[in-house]
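Examining the three-dimensional arrangement
The primary structure of each chain is shown beneath.
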Amino acid sequence: MTHYNILIVDDEKRYANMLAKRLNLRGCVCEVCYSGKQALEIIKHKQFFLTLLDLRLPDIYGTEVLARMKACCAGMPVIILTAHGTQEDRQECLRKGAYAFMHKPLGIEALMLILARIRGMSA
Amino acid sequence: MTGNFRSILKLLRPDFYHQMDGHLNPYFTFANYNKIWTVGILVLALTALVPLITVTGIHYQLIQKSVDSELLLRTERLTSNARRAVTFFLEERLNALRFTVNEIEYTQLTNPAHLSDVLRNIKLGFGGLSDLSVISPTGAQVAYAGPYNIEGKNYSDQHWFIECRKNNYYVSEIFRGYRNVPHIIIAVKSFRADNTFFILRATLETERLIQTVISYETGKHADIFLVNRAGIIQTPSKHHGSIFEKMALLPALKYSPRTQTIMASDGQGQKIVGYAFISTPIADTPFILMVIKQKEGMMGVWEDLFSSISWFVALCVMAILIVVTITCTFMVNKMFLADKAKAETLALVEQNNQLASVGQLAAGVAHEINNPLALINETAGYIKDLFTIAETYHQDDELMENIDSILEAVERCGRITGQLLGFARKFDIKIENINLKEIISDILLFHNKEAEYRNIKVNVDMPEGNIEIESDRGKLQQILLNLVNNAFQAMNEGCRLDIIAKRKGLDSVVITICDNGCGMPEDTLPKIFEPFFSTKERGVGTGLGLAITSGLIKKLHGDISVKSKQDEGTTFTITLPIHTKEELRDNENSLGGR
């Protein structure tokens, strides 16, 4: 199994850590950060296979983070993973280039399925 | 018969007369339409009637006044003419006597034969005289010519003799005297060369005078006659007493040289009285000419006119009242209906606002729950991962089962919050592809437990397989949820609910929701889609559910109908288009999905 390099951006620290652990168990390499600024800083220096992005971040709203990520790393897929997403958010994110818009709670299998699909596309 | 009458009365009754719907009261601008109606009619009727009645009253007074003055004027003219005639009659005869005493010597006058000649000549020239006599200063009758043998009488103590000696002329009232025949005495005093005097006296027949007076009588309501100054009737009167009796009606007559007219009244009604004191240039007379007219009789024409005017005014008043009532009823009813429509709209708006805030609340709750739910999900998932992937507890079936049940519960919670979010979005119109089977089972999720608990069998049947339609998810959810809710409220333990979806032609789908619950009386069926109509107990239903449902179906270009029988069940049939042309179509599709 290929080692996926995944960035998890979510201010719910325990959730982010737990998700990272589960993905690790499934052979992914995860990096966790808890704010938008941090995330934007990290992707400047490191390339990721995928980013899981929450919308309600303490510093910058998720849609804005998404736009900036797309500006610097257009090729990296970003999956929005939020508990609050409204229809407007959904449309905005998809317009700004999000790969998928998912609601929490999300089954790990569904997430793995998307990973497999992305891998299929990139392969 | 009475039933018919009642239904007609009910038809005539304006809408506002019926009692208002209690729960709409706070939204009405005016509370008491019956009062507005009454006040409106009163104000309008008064505004229209007061001027009409006032003008009619003034007109009536004016006409009465002018009629009165006309009557007085006519009476005065008549009295005046009659006075002139009576005065002339007496004056002529006094002048004849005066001419006789100035022209004929005393000695000749005392000659009976000559006196008889004189009498004959006067009778020829003037008429109305019956005898002549010459009286000496001592009152003794010196000569007499006439039909009565009363020669040699002495008149020294007689009133007329004393008066004539004093005033030179005398006119008596009508009296019977010695001869017992009504007559008038006129007398003229004359001086002889030796400065002694004598009196020439004549007796006048009353018939000529009576004829003169009566000739002025006009119409049956007028009475014209002479009285003396004491009010004793002198010539025949039609209505006011016999000759030599005191006049029945006697107003206070003030002496005046001119003709007078006054209004007087006795027991028989109002009278117009004209009177004139008769007086010749040379002698005063005791006569007063009376003209009495009965006002009522004279007013006949005017009273006919007034009666026609009264009828006309009464008809006008009736017409005004009817028009005012109809106009007022119409206007107040229009006002009431507009107000009612406004109240219903306000109530609906408030209801919608409440629903909207319930939706917002649901969305908020769902969002807040989702985060901890996600954490539970991941934690439990991680534990499971530990067991499965690390293989330490791989063989422990019971642990695995428990963790699976946690995960299943989380999944169910997630589905419910997802639905709550769906409801929150129902106020936007978003057309998307909807899987009917999915949406129906989503709705039934809310009732699974209840159905199980109440032993209600729910059967979803799609004989032609699954159907996808283009519609608004939120609205369709609400429509189905409302109808399923209604069905569950109508059903008792052990009942059965069938939901059947079938294609109808190429463009539409028919969804039938059929329960065998308590049903509804047939006569209420036409009303159930009206706002605020509820067959449920007061306070249980808002009466809005089916109204909103039918409104939503219309918005989706669909149609709803109902069949129901008391105690047998109810069937709602919804027809919806499969393809909806809507500009605001939601083209966004996310990958993956939930």
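These notes cover the structure that comes with them. Not measured: the values here are computed from a predicted model. In every chain, residue numbers begin from 1 and rise along the written sequence. Working convention: letters from A go to chains and numbers from 1 go to ligands, in the order in which they are written. Two thresholds apply to this predicted model, a pLDDT of at least 70 for residue-level local features and 80 or more for giving and counting side-chain atom pairs, whereas whole-chain, interface and lining totals are computed over all residues. Side-chain metrics rest on all non-hydrogen atoms present in the structure, leaving aside hydrogens and water.

**Details of the interface of chain B and chain A**
Threshold: Contacts were defined at the residue level, with two residues in contact if any of their heavy atoms lie within 4.5 Å. Two parts placed together each lose some accessible area under a 1.4 Å probe, and the buried area is that loss summed for both. Just to be clear on terms, a salt bridge is a Lys or Arg side-chain nitrogen sitting within 4 Å of an Asp or Glu carboxyl oxygen. Throughout this description, a polar contact denotes any pair of N or O atoms lying within 3.5 Å of each other; where both atoms belong to protein, one of them has to be capable of donating a hydrogen while the other can accept it, and for residues adjacent in sequence the pair is counted only when both atoms sit in side chains. Only DSSP runs of H or I reaching four residues or more are called helices, and only runs of E reaching two or more are called strands; each is numbered from the N terminus. Only Asp, Glu, Lys and Arg are considered charged in this grouping, and only Ala, Val, Leu, Ile, Met, Phe, Trp, Tyr, Cys and Pro are considered nonpolar; every other residue, Gly among them, is considered polar.
At the junction of the two partners, chain B supplies 28 residues and chain A supplies 27 residues. Taken over both partners, the interface formed by chain B and chain A buries close to 2700 Å², and the fraction arising from carbon and sulfur atoms is 57%. Between the two partners, chain B and chain A, sit three salt bridges. Remark: the boundary between chain B and chain A carries five residue pairs in polar contact (both at pLDDT 80 or more). Put simply, the parts of the chain that give the side of chain B that touches chain A at least two residues each are α8 (300-390) and α9 (397-424) of chain B. Per element, the largest residue contribution to the side of chain B that touches chain A is 15 residues, and it comes from α8(B). Taken together, the residues that form the side of chain B that touches chain A break down as nine nonpolar, eleven polar and eight charged.

**Things to note about the environment of Cys72(A)**
All names here are of chain A. Selection criterion: For every residue, the accessible area (1.4 Å probe, protein chains only) is compared with the maximum for its type, and the residue is labelled buried under 20%, exposed over 50%, or partly exposed between those bounds.
Counting through the fold element by element, cysteine 72 comes out in helix α3 (residues 62-72). Classification of cysteine 72 by relative accessible area gives partly exposed; the value is 47%. Expressed as a C-alpha distance, the spacing of cysteine 72 and leucine 40, which sit 32 residues apart in the sequence, is 9.1 Å.

**Side note on helix α4 (residues 112-125) of chain B**
Residue and element names in this part refer to chain B. Filter applied, for reference: Take the residue count of a helix, subtract one, and multiply by 1.5 Å to get its expected span. Regarding the arc, it is the one traced by the directions from the helix axis to the C-beta atoms.
Taking 1.5 Å of rise per residue, 14 residues should cover 20 Å, and α4 covers 20 Å from first to last C-alpha, within 8% of that figure. Buried within α4 are the following residues: Leu115, Val118, Leu119 and Ile122. Projected down its long axis, α4 carries its buried residues within an arc of 100°, all on one side. Exposed positions of α4 whose direction lies more than 90 degrees from the buried face are Asn121 and Leu124. Among the structural elements, α2 (33-103), α3 (106-109), β1 (129-135), β2 (141-145) and β5 (197-205) are those in contact with the buried residues of α4. A side-chain oxygen of the first residue of α4 lies 3.1 Å from the backbone nitrogen of alanine 113; this N-cap is asparagine 111. Immediately downstream of α4, the backbone of glycine 127 shows phi near 75°, a positive value.

**Details of a nonpolar patch on the surface**
Rules: Patch rule: a residue counts if its relative accessible area is over 30% and it has no salt bridge; like charges are joined within 9 Å, and nonpolar side chains (Val, Leu, Ile, Met, Phe, Trp, Tyr) within 5 Å. With residues, only the protein chains shown are counted as cover, and all accessible areas are computed by Shrake-Rupley using a 1.4 Å probe.
A surface patch of nonpolar side chains, about 320 Å² in accessible area, is lined by Met318(B), Ile322(B) and Ile326(B). Here Met318(B) shows up in helix α8.

**Quick notes on the packing of helix α12 (residues 473-490) of chain B against helix α13 (residues 545-555) of chain B**
Residues and elements named next belong to chain B. Quick reminder of the rule: For helices, the axis comes from a line fit to the C-alpha atoms of the stretch in contact; other axes are also lines fit to C-alpha atoms, and the angle between any two N-to-C directions lies between 0 and 180 degrees. Crossings are sorted by hand: turned counterclockwise from the far helix by less than a right angle, the near helix makes the crossing left-handed, and turned clockwise it makes it right-handed.
At a closest axis distance of 9 Å, the pairing of α12 and α13 adopts a crossing angle of 145°. Of the two elements, α12 crosses α13, and the hand of that crossing is left-handed. Along its contact with α12, which presents Lys475, Gln478, Ile479, Asn482, Leu483 and Asn486, the element α13 presents Gly545, Leu546, Ile548, Thr549, Leu552, Ile553 and Lys555. Looking at side-chain class alone, the contact of α12 with α13 contains six nonpolar, five polar and two charged residues.

**Examining the sheet that holds strand β14 (residues 508-515) of chain B**
Think of a sheet as strands paired side by side through backbone hydrogen bonds, with each pair either parallel or antiparallel. Residue and element names in this part refer to chain B. Rules: Strand pairing requires that DSSP identify at least two bridges connecting the strands.
Spatially, β11-β13-β14-β16-β15 is the arrangement adopted by the five strands of the open sheet, whose pairing is mixed. The sheet terminates laterally at β11 (457-461) and β15 (559-565), the two strands that pair on one side only. Put simply, the sheet's adjacent strands are angled 10° from each other on average, direction ignored. Where α13 meets the sheet, it contacts β15 and β16 (569-577), and its direction lies at approximately 145° from that of β15.

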